[in-house]
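Residue-level listing of the chains:
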There are 2 protein chains.
Amino acid sequence: MANQKPKKQELEKHEVEGAKEIGKRVYEIAENIVHQIEHEHTPTFSTKVRGLSNVYFDQDKGFIQLGDKTVTRPFLNLGAARKFMQTVLVTEKCNEYLKHSKTASIREIYYELKHTVAKTNENTFDGQEESNDVIVDIEHSVSTIREKLGLQADPKGSLYGDITLIDRKHNNDEFSCKNLGRGGWSIMSRIEPDEIEIKEVNADFVLVVETSAMYGRLIEENYPKKHNAILIGTSGQAARGARRLVHRLRYEFNLPIVVFTDGDPYGWYIYSVIKSGSMALAAHSKFLAVPDAKYVGMTLTDVEEYGLQAVTEKMKDGDVKRAKELMSYDWFKSPAWQKELKLAIDKKIRIEQQALANKSLDFVAKKYLPEKIDNEIFL
Amino acid sequence: MANQKPKKQELEKHEVEGAKEIGKRVYEIAENIVHQIEHEHTPTFSTKVRGLSNVYFDQDKGFIQLGDKTVTRPFLNLGAARKFMQTVLVTEKCNEYLKHSKTASIREIYYELKHTVAKTNENTFDGQEESNDVIVDIEHSVSTIREKLGLQADPKGSLYGDITLIDRKHNNDEFSCKNLGRGGWSIMSRIEPDEIEIKEVNADFVLVVETSAMYGRLIEENYPKKHNAILIGTSGQAARGARRLVHRLRYEFNLPIVVFTDGDPYGWYIYSVIKSGSMALAAHSKFLAVPDAKYVGMTLTDVEEYGLQAVTEKMKDGDVKRAKELMSYDWFKSPAWQKELKLAIDKKIRIEQQALANKSLDFVAKKYLPEKIDNEIFL
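## Observations concerning helix 14 (residues 363-374) of chain A
All names here are of chain A. The end-to-end C-alpha separation of helix 14 is 15 Å, in line with the 16 Å expected for 12 residues at 1.5 Å each. Burial in helix 14 covers these residues: F363, V364, A365, Y368, L369, P370, K372 and I373. Lining the buried residues of helix 14 we find strand 12 (205-209), helix 6 (212-220), helix 7 (223-226), strand 14 (257-260), strand 15 (294-297) and helix 11 (300-305). Phi turns positive, to about 50 degrees, at E376, one or two residues after helix 14.

Shown next as structure tokens:
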């Protein structure tokens, strides 16, 4: 299978939209307010209702979605006026970013906009949670993600393998991630198609790995080259940039996504978020989720299969509680997952990726992963 | 100053030692034990005493050091036998790693060696803290760092700029970190000269940045190129790999090191560790510390100077306590630092790097840093 080049595919419209289309919708928020004022109506701002009452699991799509319930906030209301003012401020900034191709971290936009309102003692924002909240409102209002509004979270994660990227917004830098020593590329927070073009990929699949130590181990063993894999290390819960990259590799290059985490509720939840999204980002699943992602391990069945009994760890009470929660999720309802989760709850043990070192350092690269992936032994 | 190439310099012997020299000293631990057994003496293992009683600040060198006090542990002692057994196990593994050019994370070596001792109920290790402890003993015993024993901690941090590296242990990959888009290179955990060669650097100085968001901001503004700087983002407290890289750039290429953190005790401590080392790694300062590193900001004086009063944050009680501790450190005894720390304690405020966005997003790259660095306004 070596050296095949997956053909590039078209992404859906919402994924490739750039500053122009989204800027137009952001501008419309302001136009609408101006229109209302000119017609002596109360200015209003509409966005989606958040929280459990408007979140559901979409069986057809296989991921968590935000429903259609909307909320309209009037300016002339004592409880809503402050938030309205904040919304206008952030909307204006996003408009400016999009117009001038600027970007800012969500902490920077908070600091940019923080000041005391003239002739009052009132601060525009009293903490970053206030501006964060408004950013989500605007994302939902214009049906996009913050990255397309010029905003970004902290980057995290590394990329390694035969993949060539072009940074369209930075000197058109073109670089491959296959000859970067054992470090790889630091994944940016914004991986939008109009900024980061994925020019070429030579790989059979993408392996997403929870711990940076395991990511390092697999490169050290030359696993990506030998098995024609792209490697993404998430260093714990996957950041938005890493998730967006995984999603794009799945849909833009039709590559299978295989997830490899510790065998515990925390690791399984990392898989869950990559696969089906999360409640908190329910509106963004269509940008981030990969419903047909496969889970290779670690599993409690592995403990028996590979004789790892001596290197399991005890689960804490919180972990057991978390495992019970996972059992109730729609996308963990398969008999295999229910069995696995019940095993974890009964035995109260967990098994880490690195515990495979108990066999030998190269066991994971030479036996465990090839055996399971080649034979498609997925959960 | 653009495009000068700093000349490569010789590092001190302890820094360039490779597997051969260190492997010899590791082997001597075992030879010594065998010799003792053959002569019917109690086998012993000697290492340095750790803890405050053997740690001091070396005024001449400008960094924290571990003193000469040693401790010798006999095997035939009920309290020491278990640790002796563990020391022999880890020593043997390190010998194997060095002999076969293998490396392992400190969690992997724990798992590799964890088993139940035959015919007993005794585990070799009951938790990773036990193997970690023994690793430090061996580091001290053979006067080196774990990275040279084939061991590594988790990697963290990113590198950006006109610097070319060669990974001698991985296909001799040669790559520059100046055209990697806005992400940069994920810094490995082991940056030893016999593995990672720094082939060429075109830069006037190295800027070490605390937050990944500020690292991204400076690349976005093209700061490294415009100011001929190498950028290292530490994402909080600098990991060992990042510190080793900073140290090598200082001594191998004679580059000035400038540190840029949040203006609070946590940020100042990041600077402190880069500059003078830490109590916990007192023995390793000669591999990691950079006593003439400069601190550019943030400072509480900046708050006045640049009119940032609206974007300071309150310090918590713990921060105030930490600031008082910093005041007592030898390397914070300069009048300027004492004044700064007193100001923080009196005003109980802190100022973040990203708060500079209150002026404008590019203020940090176009005004703040150039003004302070060009005029050498350092603390």
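## Quick look at the pairing of strand 14 (residues 257-260) of chain B
All names here are of chain B. Side chains of strand 14 alternate between two faces, with I257 and V259 and V258 and F260 buried alike. Two elements, strand 12 (residues 205-209) and strand 14, share 4 bridges in a ladder whose sense is parallel. When the bridges of strand 14 are listed, V209 appears paired with F260. Taken together, the 3 bridges between strand 14 and strand 15 (residues 294-297) define a ladder with parallel strand orientation. Each bridged residue has a counterpart across the sheet, and for V258 the counterpart in strand 15 is K294.

## A look at empty space enclosed by the protein
Residue and element names in this part refer to chain B. The final tally for this structure, using the stated rule, is 3 cavities of 30 Å³ or more. Approximately 50 Å³ is the volume attributed to the largest cavity. Forming the walls of the largest cavity are I145, E147, S189, R190, I191, E192, R240, G241, R244 and L288. Counting residues per element, the lining of the largest cavity draws most heavily on helix 8 (residues 240-253), at 3 residues. Counted by class, the lining of the largest cavity contains 3 nonpolar, 2 polar and 5 charged residues.

## With respect to the packing of helix 2 (residues 19-38) of chain A against helix 3 (residues 81-99) of chain A
Each pair of packed helices gets described by two things: the angle between the helix axes and the distance between those axes. All names here are of chain A. Where helix 2 meets helix 3, the closest approach of the two axes is 10 Å, and the angle between their N-to-C directions is 145 degrees. Considering the relative orientation of helix 2 and helix 3, their crossing is left-handed. In this structure, helix 2 contributes A19, I22, G23, V26, Y27, I29 and I33 to the contact, and helix 3 contributes F84, V88, T91, N95 and L98. A class-by-class count of the residues in the contact of helix 2 with helix 3 yields 9 nonpolar, 3 polar and no charged.

## Considerations on the interface of chain B and chain A
Listed by partner, the interface residues are 52 residues for chain B and 52 residues for chain A. Summed over the three residues of chain B that lose the most area to chain A, namely Y111, R182 and L361 of chain B, the buried surface amounts to 17% of that side. Where chain B meets chain A, there are 12 salt bridges. Where chain B meets chain A, there are 33 residue pairs in polar contact (both at pLDDT 80 or more). Class assignment of the residues belonging to the side of chain B that touches chain A gives a composition of 18 nonpolar, 16 polar and 18 charged.

## Describing the domain arrangement of chain A
Interfaces are often described in size by the accessible area the parts lose on coming together. Residue and element names in this part refer to chain A. Each domain of chain A was delimited in the assignment, giving domain 1 (18-143) and domain 2 (158-374). Computed over C-alpha atoms, the centres of domain 1 and domain 2 are 33 Å apart. Both sides together, the interface formed by domain 1 and domain 2 hides about 1300 Å², and carbon and sulfur atoms give 65% of it. Three residues stand out in domain 1 for area buried against domain 2, namely F57, F63 and I64, and they jointly supply 40% of the buried area on that side. The interface formed by domain 1 and domain 2 holds 1 salt bridge in total. Note that R240 and E139 form a salt bridge whose closest N and O atoms lie 3.3 Å from each other.

## Quick word on the layout of surface pockets
Rolled over the atoms, a probe as big as a water molecule pinpoints where empty space is left. Within this model, the largest pocket holds a volume of roughly 750 Å³. As for the largest pocket, its lining consists of 44 residues, and the residues nearest its centre are G157, S158 and S186 of chain A together with S158 and S186 of chain B. Contributing elements (two or more residues each) for the lining of the largest pocket: helix 6 of chain A together with helix 6 (212-220) of chain B. Tallying contributions element by element places helix 6 of chain B first for the lining of the largest pocket, with 6 residues. A class-by-class count of the residues in the lining of the largest pocket yields 12 nonpolar, 22 polar and 10 charged. Approximately 380 Å³ is the volume attributed to the second largest pocket. Taken together, 24 residues form the lining of the second largest pocket, with E220 of chain A together with S101, K102, T103 and K169 of chain B sitting closest to its centre. Elements represented by at least two residues in the lining of the second largest pocket include exactly helix 6 of chain A together with helix 2 (19-38) and helix 3 (81-99) of chain B. A breakdown of the residues in the lining of the second largest pocket according to their chemical character gives 5 nonpolar, 5 polar and 14 charged.

## Focus: the side chain of E192 of chain B
Residues and elements named next belong to chain B. Mapped onto the secondary structure, E192 falls in the loop between strand 10 (185-186) and strand 11 (196-201). By relative accessible area, E192 is classed as buried at 1%. Here K148 takes part through its side chain, which lies 2.8 Å from a polar atom of the side chain of E192.

## Observations regarding the sheet that holds strand 11 (residues 196-201) of chain A
All names here are of chain A. Across the sheet, which stays open at both edges, the 3 strands sit in the order 9-8-11 with antiparallel pairing between neighbours. Bordering the open sheet on either side are strand 9 (173-176) and strand 11, each of which pairs with just one other strand. Taking each pair of neighbouring strands and ignoring which way they run, the sheet shows an average axis angle of 20 degrees. When strand 8 (residues 163-167) meets strand 11, the two strands line up antiparallel, connected through 5 bridges.

## Observations regarding the environment of E371 of chain B
Residues and elements named next belong to chain B. Structurally, E371 is set in helix 14 (residues 363-374). Remark: the alpha-carbon pair of E371 and L66, spanning 305 residues in sequence, is separated by 38 Å. Apart from residues lying up to four places away in sequence, E371 is in contact with Y306 and I377. Of the polar contacts made by the side chain of E371, one reaches the side chain of K367; its length is 2.7 Å.

## Some words on the relation of the copies chain B and chain A
In this structure, two copies of a chain are linked by a rotation about an axis accompanied by a shift along it. With an RMSD of 0.0 Å, chain B superimposes on chain A once it is rotated by 180 degrees and translated 0.0 Å along the axis. Such a combination of rotation and displacement between the chain copies is what one expects of a two-fold axis. Most of the interface of chain B is mirrored in chain A: 100% of its interface residues are interface residues there too.

The rules behind each value
- Numbering of residues begins from 1 in every chain and follows the order in which that chain's sequence is written.
- Naming scheme: in the order in which they are written, chains are lettered from A and ligands are numbered from 1.
- Reporting of local features is limited, given that this is a predicted model, to residues whose pLDDT is at least 70; pairs of side-chain atoms are given and counted only at 80 or more, and all residues count toward the totals for whole chains, interfaces and linings.
- Based on all heavy atoms of the structure, the side-chain values leave hydrogens and waters out of the count.
- Under the DSSP-based scheme used, a helix requires at least four consecutive residues in state H or I and a strand at least two consecutive residues in state E, with every element numbered from the N terminus.
- The span you would expect from a helix comes to 1.5 Å times its residue count less one.
- Relative accessible area decides the class of each residue, using a 1.4 Å probe on protein chains only: under 20% of the type maximum gives buried, over 50% gives exposed, and in between gives partly exposed.
- Any two residues whose heavy atoms approach within 4.5 Å are treated as being in contact.
- In this analysis, strands are considered paired if DSSP registers two or more bridges between them.
- Detection works on a 1 Å grid of protein atoms alone, calling trapped sets that fit a 1.4 Å probe cavities and calling open sets with protein on both sides within 12 Å along at least five of seven lines pockets, with lining residues defined by an atom within 4 Å of a point.
- Grid points are joined across faces, edges and corners, and a volume is the space filled by probe spheres set on the points.
- Three residue categories are used. Nonpolar comprises Ala, Val, Leu, Ile, Met, Phe, Trp, Tyr, Cys and Pro, charged comprises Asp, Glu, Lys and Arg, and polar comprises the others, including Gly.
- Interaxial angle, 0 to 180 degrees, is taken between N-to-C directions of lines fitted to C-alpha atoms, where a helix line uses only the stretch in contact.
- Note on convention: near helix rotated counterclockwise from far helix by under a right angle means a left-handed crossing. Clockwise means right-handed.
- When two parts are put together, the accessible area they lose, computed with a 1.4 Å probe and summed over both, is reported as buried area.
- We count a salt bridge whenever a side-chain nitrogen from Lys or Arg sits within 4 Å of a carboxyl oxygen from Asp or Glu.
- The definition of a polar contact used here is a pair of N or O atoms within 3.5 Å, where within protein one atom must be able to donate a hydrogen and the other to accept one, and adjacent residues in sequence count solely through side-chain atom pairs.
- For the domains described, the bounds stem from an automatic or database domain assignment.
- Residues below a pLDDT of 70 in either copy are left out; the C-alpha atoms of the rest, at least 70 in both, set the least-squares superposition of the copies.

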